[in-house]
Amino acid sequence: MVNRIHSLGGYIHEYQKSVANPEAFWAQQAENFYWKKRWDKTLEWNFQGPEIKWFLNGKLNLTENIFEKNLYTHGDQEAIIWEPNDTNEETRTLTYAELYAEVNKFANTLKRLGVEKGDRVAIYMPMVPELAISLLACARIGAVHSVIFAGFSANALAERINDSSCKVLLTADGGFRGEKITPLKEIADEALESCASIETVVVLKRTGSDVNMHVGRDIWWHKAVDGQSGDCPATEMDSEDELFILYTSGSTGKPKGIVHTTGGYMVYSAYTFKNVFQYSAGDVYFCTADIGWITGHSYIVYGPLLNGAKTLMFEGIPTWPDAGRFWDIVDKYQVNQFYTAPTAIRSLLAKGNDYLDGKHLASLKVLGTVGEPINEEAWHWYHDHVGKNKCPIVDTWWQTETGGVMISPIAGVTPTKPSFATMPLPGIQPIIVDGEGKELTGNSVEGNLCIKYPWPGIARTLWGDHERFKETYFSTFDNFYFTGDGAKRDEDGYYRILGRVDDVINVSGHRLGTAEIENAINEHPLVNESAVVAYPHDIKGQGIYAFVVCGELSTGGEEGIRKSIKQGVTKIIGPIARPDLVQLVPGLPKTRSGKIMRRILRKVAEGDATNLGDTTTLLDEDVVEKIIQGAQVEVKV
Ligand code: PRX
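Predicted model, so just to flag it, every value in this text is computed and none were measured.

Thresholds applied
Residues numbered from 1 in each chain as written. Predicted model: local features only at pLDDT ≥ 70, side-chain atom pairs only at ≥ 80, totals over all residues. Heavy atoms only, no water. Near = heavy atom within 4 Å. Polar contact = N/O pair within 3.5 Å; in protein donor to acceptor, adjacent residues only side chain to side chain. Areas by Shrake-Rupley, 256 points an atom, 1.4 Å probe, with all protein chains shown as cover. Pairing = 2+ DSSP bridges. Helix = DSSP H or I, 4+ residues; strand = E, 2+ residues; numbered from the N terminus. Axes fitted to C-alpha atoms, helices over the stretch in contact; angles between N-to-C directions. Core = buried A, V, L, I, M, F, W, Y, C linked by side-chain atoms within 4.5 Å. Buried < 20%, exposed > 50% of the residue type's maximum accessible area, 1.4 Å probe, protein only. Domains from an automatic or database assignment. Contact = heavy atoms within 4.5 Å. Buried area = accessible area lost by both parts, 1.4 Å probe. Salt bridge = Lys/Arg side-chain N within 4 Å of Asp/Glu carboxyl O. Nonpolar A, V, L, I, M, F, W, Y, C, P; charged D, E, K, R; others polar.

## Some details on the site of the ligand
Part 1 of the argument: In the neighbourhood of the ligand, 17 residues make up the surrounding shell, with D395, T400, D485, R500 and R511 lying closest.
Part 2 of the argument: One of the backbone nitrogen or oxygen atoms of E372 is found 3.3 Å away from a nitrogen atom of the ligand.
Part 3 of the argument: Residue T400 places a side-chain N or O atom 2.5 Å away from an oxygen atom belonging to the ligand.
Part 4 of the argument: Compared with its free state, where it exposes 540 Å², the ligand has 95% of that area covered by protein.

What follows is the structure, encoded as structure tokens:
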């Protein structure tokens, strides 16, 4: 079992130990797992290559650490507790023994479909237990899973499938979310028109919607699994064999396929889960994320299951049938640890406290947040009204690339401060650097957040593009991993994350590249060019503000164009990237050398044009004036 920290003194001791000798520290953690063959060397690394390898030549299968290692002690205990979208539908639970059998059956199914170690399997599914089963089945046979969030459009799905040439696609007829049904199979069919690598599509029956099944390509999940054995030997993996790919947005248009490998990710997701949430045997843990994102990978599936935890999966949305849904679930299952995003907290706060009336919430011990900075008002509401002043809040800062939580309180151990992620976890060495890459030592400093030493959960590369991996994370500042976030360290040495310093925006905890949205807008036949920036949004944290230059107006006039631009982005990327505000402008503020001055657009979007900074390099100052006049928000001048 993973070691657990119990006191502040224990944390300080552990942290010092981890920094003094990171290799010994992580080797000690890794000893808690079952390896088919122990590693020869704990770490080899350089941040120039970059090349990072943990637990070299160790052989293992991650799923044996979930199942074989533990079945005899808690085979009958619940592993996955599933709450359906519709309150009238029955809950499903899978014990560790049941989950093991399902994983093996599906692993055998994949094998029968010709999936071999190293093949990529695309997963585009709703939040049902089969989604977790498919991840684990891939891990069982050494296939590399690539989960694509079920809110992405056909175009976005195809782009991701093609980038890593997936062989099989796992999907469902549809997915329930509140009152809506997402026609997943229909979207997948459209995507697959341009995906040559997919040989087979396995379709889970969930909504019962009518779907077209392509003969020779598509098979129903239940038929494919039927008759498969519940035993499947675990494929031996090297520590550094790929476990999964997960796409995330970057500051250039194309999504990046973040690659995580087996040994390091296993150790890191398990260690951080147990410590951050202070999970104890028997607790019920509920993370509201979707498995389509890293939070779901690390803290619904891998971290909890590697600790023998009871992990709750919820198919629906926080506001359906009403805004008390999360709290009903907490009471129904007596949830002990609850982990969600600030945007969800803000949206529930905005609905008022009536939805908390009559909810006990007495089982809660720990509350967590992730994905974006949490504002003080939301923090206090969460603390006072949900946690009833008795639950520590863990504000967990991390990224798809980091594999697990990096900076966060350890629940009940680290004293918290609203909107501060507080202190690095053991083994994590954050630093703040100025624009030139000089480390700012001491307290009360602010700058770019970097990490100066590898940890087991760090991404190893971008699928098929190691050069871009180097360029994105290791080239801005020599010898450091650059997070893309700004941060400050306050007078107590506590970290506060200030948000992205690159062209990435964070909408409702979803990370979106402005270039990706601009590319989608520019596909519109009437659009000449565009620039997208974030603006402060009460619920979403950041909203999307698009400044668009059109050649001419269509018959629908300005309003018609705005609408069709929004629809176009929804079609090309998905609803999460739909601009909130679109302003048609005569031109974009550019320097004489043709570079868009985004700083000016950001100021306008933030509603404060009183100090636009140095505008002497602007090609055409009039454009700025016109942009301010036509702004979609009130602008102070
Ligand atoms: O800007 C930071 C923000 O989310 C980014 C990572 O996004 P993603 O890879 O999608 O992973 C989200 C879930 C781990 C970070 O670069 N972020 C994440 N957690 C926090 C946060 N910003 C402030 N506070 C946090 N707790």
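## Digging into the sheet that holds strand β22 (residues 445-451)
Part 1 of the argument: Spatially, the four strands line up as an open sheet ordered β21-β22-β24-β25, and their pairing is antiparallel. Among the strands making up the open sheet, the edge pair consists of β21 (430-433) and β25 (495-500). With direction set aside, neighbouring strand axes in the sheet form an average angle of 45°.
Part 2 of the argument: By the bridge criterion, four bridges tie β21 to β22 in an arrangement that is antiparallel. Across the sheet, I432 pairs through a bridge with L449, a residue of β22.

## Thoughts on the nonpolar core
Part 1 of the argument: With 161 residues, the main nonpolar core has L99, I161, L170, Y302 and I517 as its most contacted residues.
Part 2 of the argument: Taken domain by domain, this core gets at least three of its residues from each of domain 1 (94-242) and domain 2 (505-630).
Part 3 of the argument: With residues near it in sequence (within four places) discarded, L170 still touches F106, L110, V121, A122, I123, Y124, M125, S134, V202 and W221.
Part 4 of the argument: Membership of the second largest hydrophobic core comes to 28 residues, among which are V330, Y333, I374 and W381.

## A closer look at the sheet that holds strand β8 (residues 168-172)
Part 1 of the argument: Reading across from one edge, β12-β11-β8-β6-β7-β14-β15-β23 is the order of the eight strands in this open sheet, with mixed pairing throughout. Bordering the open sheet on either side are β12 (218-220) and β23 (461-462), each of which pairs with just one other strand.
Part 2 of the argument: Bridge count for strand β6 (residues 120-124) against strand β7 (residues 144-147) is four bridges, and the pairing is parallel. Bridge pairing in β7 places A122 opposite S146.
Part 3 of the argument: Packing against the sheet, helix α11 (residues 294-306) makes contact with β7, β14 (242-248) and β15 (256-261), and its axis sits at approximately 140° to β14.

## Comments concerning the domain arrangement of the protein chain
For an interface, size is often stated in terms of accessible area lost upon the parts coming together.
Part 1 of the argument: Looking at the protein chain, the domain boundaries give domain 1 (94-242) and domain 2 (505-630).
Part 2 of the argument: Each of domain 1 and domain 2 has a C-alpha centre, and these two points are 37 Å apart.
Part 3 of the argument: If you look at the interface, domain 1 gives eight residues, while domain 2 gives eight residues.
Part 4 of the argument: Overall, the association of domain 1 and domain 2 removes approximately 530 Å² of surface from exposure, summing both partners, and the carbon and sulfur fraction of that is 47%.
Part 5 of the argument: Per-residue buried area on domain 1 facing domain 2 is highest for F152, S153 and N155; these three make up 50% of the total on that side.
Part 6 of the argument: For the interface between domain 1 and domain 2, the tally reads two salt bridges.
Part 7 of the argument: Taken together, the links from domain 1 to domain 2 amount to five residue pairs in polar contact (both at pLDDT 80 or more).
Part 8 of the argument: In terms of residues, the side of domain 1 that touches domain 2 owes the most to one element, helix α7 (residues 154-163), which gives three residues.
Part 9 of the argument: Of the residues belonging to the side of domain 1 that touches domain 2, the class tally is three nonpolar, three polar and two charged.

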